[in-house]
Every structure is written in C-alpha cells, then in structure tokens.
Amino acid sequence: MADLKHGTHPIVIEETPGKKAYCQCGWSENLPYCDGSHARMDTGAAPIVCELTEGGKKAICQCHQSANLPWCDGTHSRLA
Ligand code: FES
C-alpha cells in the first residue's frame, strides 16, 4: 500500500464545465485529475468527482487538508 503524496500548493487552472474527477492520492501523472493511480498503487484514496456547471479559474487543493475539497481554502499555507 502506497502512502498519499501531498503537494504544498494548489494547482490553479482554467477549468471547463463538465464532470471532473480530482485526484486525492497525489500520484496521478495527470494532476489535478485522477488517472487511476490510486487503485493501481493501493493508496486507499479515491478521487472527488464533481459536475461543474460553469468554467473558470479554479485552485485545486494538493495538500488534501482543505475544509472545502477539492478546492483550496488556504490551509496549505498554515501547514509545517
Ligand atoms: S489517481 Fe489519485 S485519486 Fe485517482
């Protein structure tokens, strides 16, 4: 079983509307999206799936500690 891999900053992207699966294990090679690595590596994590009705700039949490996952709420800046 692989440990989760946490980033130190969000990934900021211009997102498009539609169904998205945001990686929560940190091992995806297509961050911030899930590529199935969580299952292949037996991380115990699963992506957060969202249906976005609007596009626009989004900051996607990579520390996985946000209180508003999958979105960044600034928590990464308070972690050691
Ligand atoms: S690859 Fe990380 S949650 Fe799926």
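These numbers come from a predicted model, not from an experiment.

Participant: Looking at this structure, I do not really get the environment of C34. What am I missing?
Facilitator: Residue position: C34 is located in the loop between β2 (18-22) and α1 (37-40). We classify C34 as partly exposed; its relative accessible area is 24%.

Participant: What's the story with empty space enclosed by the protein in this structure? I'm lost.
Facilitator: Vacant regions in the atomic arrangement are exposed by a probe of water-molecule size rolled over the atoms. Tallying each qualifying case throughout the model produces 1 cavity of 30 Å³ or more. Considered as a void within the structure, the largest cavity measures approximately 30 Å³ in volume. Around the largest cavity, the lining residues are C23, Q24, C25, S28, C34, D35, G36, S37, H38, A46 and P47.

Participant: Honestly, the pattern of salt bridges in this entry has me stumped. Any pointers?
Facilitator: For side chains of opposite charge, pairing can occur when their charged atoms come near one another. All told, the structure shown has 2 salt bridges when counted by the stated rule. Ionic pairing is found between E15 and K20, a salt bridge with its closest N-O pair at 3.4 Å. One salt bridge connects R40 with D35, and the closest N-O pair in it is separated by 3.6 Å.

Participant: For this particular structure, what's the right way to read the packing of aromatic side chains?
Facilitator: Remark: the centre distance and the inter-plane angle together describe each pair of aromatic rings, the angle taken between the planes. Counted by the stated rule, this structure contains 2 aromatic pairs. Between the aromatic rings of Y22 and Y33, the centroid separation amounts to 5.8 Å while the plane-to-plane angle is 25°, which identifies the pairing as stacked. Of the two residues, Y22 is situated in strand β2 and Y33 in the loop between β2 and α1; the sequence distance between them amounts to 11 residues. Looking at Y33, the relative accessible area reads 24%, which means it is partly exposed. Ring geometry for Y22 against W71: centres 5.4 Å apart, planes inclined by 70°, an arrangement best described as edge-to-face. In this pair, Y22 is assigned in strand β2 and W71 in the segment after β4 (56-60), connecting sequence segments 49 residues apart. Through pairs of rings, three or more aromatic residues link up here, namely Y22, Y33 and W71. One Lys or Arg, K58, reaches over the ring of W71 and ends 5.2 Å from the middle of that ring.

Participant: I would appreciate a short explanation of the side chain of T75 in the present structure.
Facilitator: Structurally, T75 is set in the segment after β4. For T75, the side chain forms a polar contact with the side chain of D73, separated by 2.5 Å. Residues within four places of T75 in sequence aside, it is in contact with Q65, S66 and A67.

Criteria and cut-off values
- Counting starts from 1 at the beginning of each chain's written sequence and moves along it residue by residue.
- Local features are withheld for residues below a pLDDT of 70 in this predicted model, meaning they are given only at 70 or higher, and side-chain atom pairs are given and counted only at 80 or more; totals for whole chains, interfaces and linings count all residues.
- Water and hydrogen atoms play no part in the side-chain values, which are based on all heavy atoms of the structure.
- For helices the rule is a DSSP run of H or I covering at least 4 residues; for strands it is a run of E covering at least 2, with both sets numbered from the N terminus onward.
- Think of it in three bands: with a 1.4 Å probe and only protein chains considered, a residue is buried below 20% of the maximum accessible area for its type, exposed above 50%, and partly exposed in between.
- Site definitions follow a grid-based scheme: protein atoms alone, a 1 Å grid, a 1.4 Å probe that fits but cannot get out for cavities, and for pockets an open set with protein on both sides within 12 Å along at least five of seven lines, plus lining residues having an atom within 4 Å of a point.
- Grid points are joined across faces, edges and corners, and a volume is the space filled by probe spheres set on the points.
- Salt bridges are identified by distance alone: a Lys or Arg side-chain nitrogen within 4 Å of an Asp or Glu carboxyl oxygen.
- For Phe, Tyr and Trp, where Trp contributes only its six-membered ring, two rings pair if their centres lie within 6.5 Å, and the inter-plane angle classes them as stacked under 30 degrees, edge-to-face over 60, or tilted in between.
- Think of it as a cone above the ring: NZ of Lys or CZ of Arg counts as a charge over the ring if it is within 6 Å of the ring centre and within 35 degrees of the ring normal.
- Any N or O atom pair separated by 3.5 Å or less is treated as a polar contact, with the protein-specific requirement of one donor-capable and one acceptor-capable atom, and with residues adjacent in sequence counted only for side-chain atom pairs.
- Residue contacts are defined here by distance: any two heavy atoms, one from each residue, within 4.5 Å place the two residues in contact.

Everything listed here is a matter of geometry and, on its own, says nothing about what the molecule does.
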